[in-house]
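What follows is each chain in one-letter form.
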Amino acid sequence: GAFGPPMKDILNILCPRANIVLFPPGSLIMESGKKCEFGVADFYVLLGGSVQAEGTIGTHLASLRRGHTFGEMGAFGLTAERTASARASPLGLVACAVIRGPAI
């Protein structure tokens, strides 16, 4: 699968506390530079669709698919701000399990 054993264990604990959120095509899911704080910042598990990771000036960094996670560095307090933006693909809806900061 897409998850190694440590992340799979964490997701098994956190996913029952997640909200399923649909993002419209092309919408901004997570913004680069936004402040992060442990217990406040959210992280995401991509359930369906495609997400584009973008640099601070909109440069394409990566394409994420079902099973990928993003935003976990900020959610776990490992970085003070988001290092990349995440944008829903313009080709269709994106479904994510959103683990809200307080659930962590």
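K.L.:
How do you make sense of the pattern of salt bridges when you look at a structure like this?
P.N.:
If the charged atoms of two oppositely charged side chains come close together, the side chains can form a pair. For the structure shown, the criterion picks out 3 salt bridges. A salt bridge links E81 to K35; the nearest nitrogen and oxygen atoms lie 3.6 Å apart. Here K35 lies in the loop between β2 (28–30) and β3 (43–48) and E81 lies in the loop between α2 (72–75) and β7 (85–88), a separation of 46 residues in the sequence. Take E81: its relative accessible area is 34%, and that puts it in the partly exposed class. For K35, a relative accessible area of 66% puts it in the exposed group. In this structure, the salt-bridge partner of D42 is R100, at a minimum N-O distance of 2.7 Å. With a gap of 58 residues between them, D42 in the loop between β2 and β3 and R100 in the segment after β8 (94–99) connect regions that are remote in the sequence. A relative accessible area of 15% places D42 in the buried class. When its relative accessible area of 33% is taken as the criterion, R100 is described as partly exposed.

Quick notes on the rules
Residues numbered from 1 in each chain as written. Predicted model: local features only at pLDDT ≥ 70, side-chain atom pairs only at ≥ 80, totals over all residues. Heavy atoms only, no water. Salt bridge = Lys/Arg side-chain N within 4 Å of Asp/Glu carboxyl O. Helix = DSSP H or I, 4+ residues; strand = E, 2+ residues; numbered from the N terminus. Buried < 20%, exposed > 50% of the residue type's maximum accessible area, 1.4 Å probe, protein only.

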